[in-house]
Amino acid sequence: MPLVLLRGGSRDGESTTVDEHVERLLAASEAPGLIDIYEASDEVAHVAGNDEAAIVFLFVGQEPVTDTSATHLHMPHTRGYS
């Protein structure tokens, strides 16, 4: 599963893994009633703590959450404490 880095939007700087075929990611937004839309780019970046390069997914806009089933959303992970 490829590592991806999100750029822009509410999830800027967050990373996650996705299935190989994923080119568009829907993520929970900080804006009430909206979801952030990210699309794969040709860019790669290093993410601290990972050996492999991450595919950069760029923020391309927002959509109302009512247009999308909740089963298609990527929910953010709770950040741990060091």
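Because the structure is predicted, anything quoted here is derived from the model rather than measured.

Calculation criteria
Residues numbered from 1 in each chain as written. Predicted model: local features only at pLDDT ≥ 70, side-chain atom pairs only at ≥ 80, totals over all residues. Heavy atoms only, no water. Helix = DSSP H or I, 4+ residues; strand = E, 2+ residues; numbered from the N terminus. Contact = heavy atoms within 4.5 Å. Salt bridge = Lys/Arg side-chain N within 4 Å of Asp/Glu carboxyl O. Core = buried A, V, L, I, M, F, W, Y, C linked by side-chain atoms within 4.5 Å. Buried < 20%, exposed > 50% of the residue type's maximum accessible area, 1.4 Å probe, protein only.

Trainee: Could you give me a rundown of the environment of Phe59, with the residues and numbers involved?
Mentor: Note that Phe59 resides in strand E5 (residues 54-64). On a C-alpha basis, the gap between Phe59 and Tyr38 in space is 4.4 Å, while along the polypeptide they are 21 residues apart. Not counting chain neighbours up to four residues away, the residues in contact with Phe59 comprise Arg7, Gly8, Gly9, Asp36, Ile37 and Tyr38.

Trainee: Go over the pattern of salt bridges, please, and point to the residues and values.
Mentor: Taken as a whole and assessed by the stated rule, the structure comprises four salt bridges. Linking Arg24 and Glu39 is a salt bridge whose minimum nitrogen-to-oxygen distance equals 3.6 Å. Taken as a pair, Arg24 in strand E3 (residues 24-28) and Glu39 in strand E4 (residues 34-45) lie far apart in primary sequence, 15 residues in all.

Trainee: Help me get a handle on the nonpolar core, residues and values and all.
Mentor: Counting seven residues, the largest nonpolar core is built from Val4, Leu6, Val18, Leu25, Ala27, Tyr38 and Phe57. Breaking this core down by element, the ones donating at least two residues are strand E1 (3-7) and E3. Excluding residues that lie within four positions of it along the chain, Val4 makes contacts with Glu14, Ser15, Thr16, Val18, Ala54, Ile55 and Phe57. Ranked by size, the runner-up nonpolar core spans six residues in total, among them Leu3, Leu5, Ala54 and Val56.

Trainee: Outline the environment of Ala28, supporting the account with residue identities and numerical values.
Mentor: Position of Ala28 relative to the elements: it lies in strand E3. In the structure, Ala28 is positioned 17 residues away from Arg11 in sequence and 8.2 Å away in space, judged by C-alpha atoms.

Trainee: An account of the environment of Val65 is requested, with residue identities and associated values reported.
Mentor: Tracing the backbone shows Val65 in the segment after E5. Judged by its relative accessible area of 33%, Val65 falls in the partly exposed class. C-alpha separation for the pair Val65 and Leu34, spaced 31 residues apart in sequence, amounts to 5.0 Å.

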